[in-house]
Amino acid sequence: MSKSIVLLTGMSGAGKSSAMNALEDMGYYCIDNFPKELLQELESLLDEKEKYKYVALSVSAMDYMYFINFFDAISKKISIIYLDASDEELLLRYRFTRRHHPLIACGLAPTIEDAIEMERTYFDRVPENALTSLRIDTTKMTTSELYKRIQNRFQVNVESNFTITFQSFGFKHGMPMDADVVIDVRFLPNPFYDPELRSKTGNDKDVYDYVMEAEETKAFIQLLKSYYDFVFNAYASQNKAHMIVAVGCTGGQHRSVSICNWMYEQYRNTYHCLKSHRDIGVSEQ
């Protein structure tokens, strides 16, 4: 019987509870903070019980490598979700909720800052660019966006295929930490300087046309499409599961949104494509 096992880990405060809720809603049997001392019992459950066909385990930084080594030893394939957020955002979340950081609760760290720094050292061996690993930066992500990201990757009873997420953003608001590639379009003509277009976005036709009809854009997208036709095909042929293409301009309202929308339309009939506009609604001032 085919099994789907998801190991969910990451920085405390980065959204593991929300991610587990998403997996549970999709039909996964979710186990939070499974004791590493019971791993041998887990093996027999996975082998015998139909109800454990889809399993998600949420594990802490301290126990993460125990689980990695365990699944390697029993030769079971797993998918890994690693949730991260900036140190500043994690601090804000803990101060807002007033919850105890796990490393403080168990006496390993005296302050939240120390706990965050210590926790990051536990994840030095998190796989990078692994086909089975999904790294999500939740710094600027809402709970619903996190839910959709996980749902699109791990929904059950759907044939797996190469998924591309096209995401627009503004450099002045920070680069997406989980992007596989970043396309800088700040050299294109900027609708921000047209008073009639300034308050609009690349989702509006007149802004989109302004960007896409510029001679610089026409030359650029011809080269861009030629390059990504090759890249996407190469990644898909190597069974890569997911790729995030981030398109950035200054504020994330006009040029990046337009190019992001154009790329989505170019590839959505060839691959499983998603798109998001991270900074729409964030002031350019």
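Source: prediction; values computed, not measured.

1. Here's the deal with the packing of aromatic side chains
Phase 1: Under the criterion given, the structure shown has 14 aromatic pairs.
Phase 2: The interplanar angle of 85 degrees and the centroid separation of 5.4 Å between the aromatic rings of Phe-192 and Tyr-193 together place this pair among those described as edge-to-face.
Phase 3: Aromatic rings pair up to connect Phe-162, Phe-166, Tyr-227, Tyr-228, Phe-232, Tyr-267 and Tyr-271 into one cluster.
Phase 4: One residue, Lys-36, lies across the ring of Tyr-66, its end atom 5.1 Å from the ring centre.
Phase 5: It is Arg-186 that lies over the ring of Phe-171; its NZ or CZ is 3.7 Å from the centre.

2. Looking at the pairing of strand 4 (residues 79-84)
Phase 1: In terms of burial, strand 4 is largely enclosed, as 5 of its 6 residues are buried.
Phase 2: As judged from the 5 bridges shared by strand 1 (residues 4-10) and strand 4, these two strands associate in the parallel manner. Pairing of Thr-9 across the sheet is with Tyr-82, part of strand 4.
Phase 3: Pairing between strand 4 and strand 5 (residues 133-137): 5 bridges, direction parallel. Residue pairing in the sheet places Ile-81 in a bridge with Leu-134 of strand 5.

3. Observations concerning the side chain of Arg-278
Phase 1: With respect to the element layout, Arg-278 can be found in the segment after strand 9 (272-277).
Phase 2: Its relative accessible area of 17% is what places Arg-278 among the buried residues.
Phase 3: At 2.9 Å, the side chain of Arg-278 and the side chain of Asp-279 are in polar contact.
Phase 4: Non-local contacts of Arg-278, meaning those with residues more than four positions away in its chain, are made with Lys-140, Gln-167, Ser-168, Phe-169, Gly-170, His-173, Gly-174, Met-175 and Pro-176.

About the thresholds
Each residue is numbered by its place in its chain's sequence as written, counting from 1. Where local features are concerned, this predicted model is filtered to residues with pLDDT of at least 70; where side-chain atom pairs are given and counted, the filter is 80 or more; whole-chain, interface and lining totals use all residues. Working from all heavy atoms in the structure, the side-chain values ignore hydrogens and water. Within 6.5 Å between ring centres, the rings of Phe, Tyr and Trp (the latter by its six-membered ring) count as paired, and their orientation is classed by plane angle as stacked under 30 degrees, edge-to-face over 60, tilted in between. In this scheme, Lys NZ or Arg CZ marks a charge over a ring once it lies within 6 Å of the ring centre and within 35 degrees of the ring normal. Between buried and exposed lies partly exposed: a residue is buried under 20% and exposed over 50% of the maximum accessible area for its type, with that area taken using a 1.4 Å probe on protein chains only. A helix here means a DSSP run of H or I that spans at least four residues, while a strand means a run of E at least two residues long, and both kinds are numbered starting from the N terminus. Here the rule is simple: two strands pair whenever DSSP picks up at least two bridges between them. Identification of polar contacts relies on pairs of N or O atoms within 3.5 Å, with a donor-acceptor requirement for protein atoms, meaning one able to donate a hydrogen and the other able to accept it, and with residues adjacent in sequence counted only if both atoms are side-chain atoms. In this description, contact between two residues means that some pair of their heavy atoms is separated by no more than 4.5 Å.

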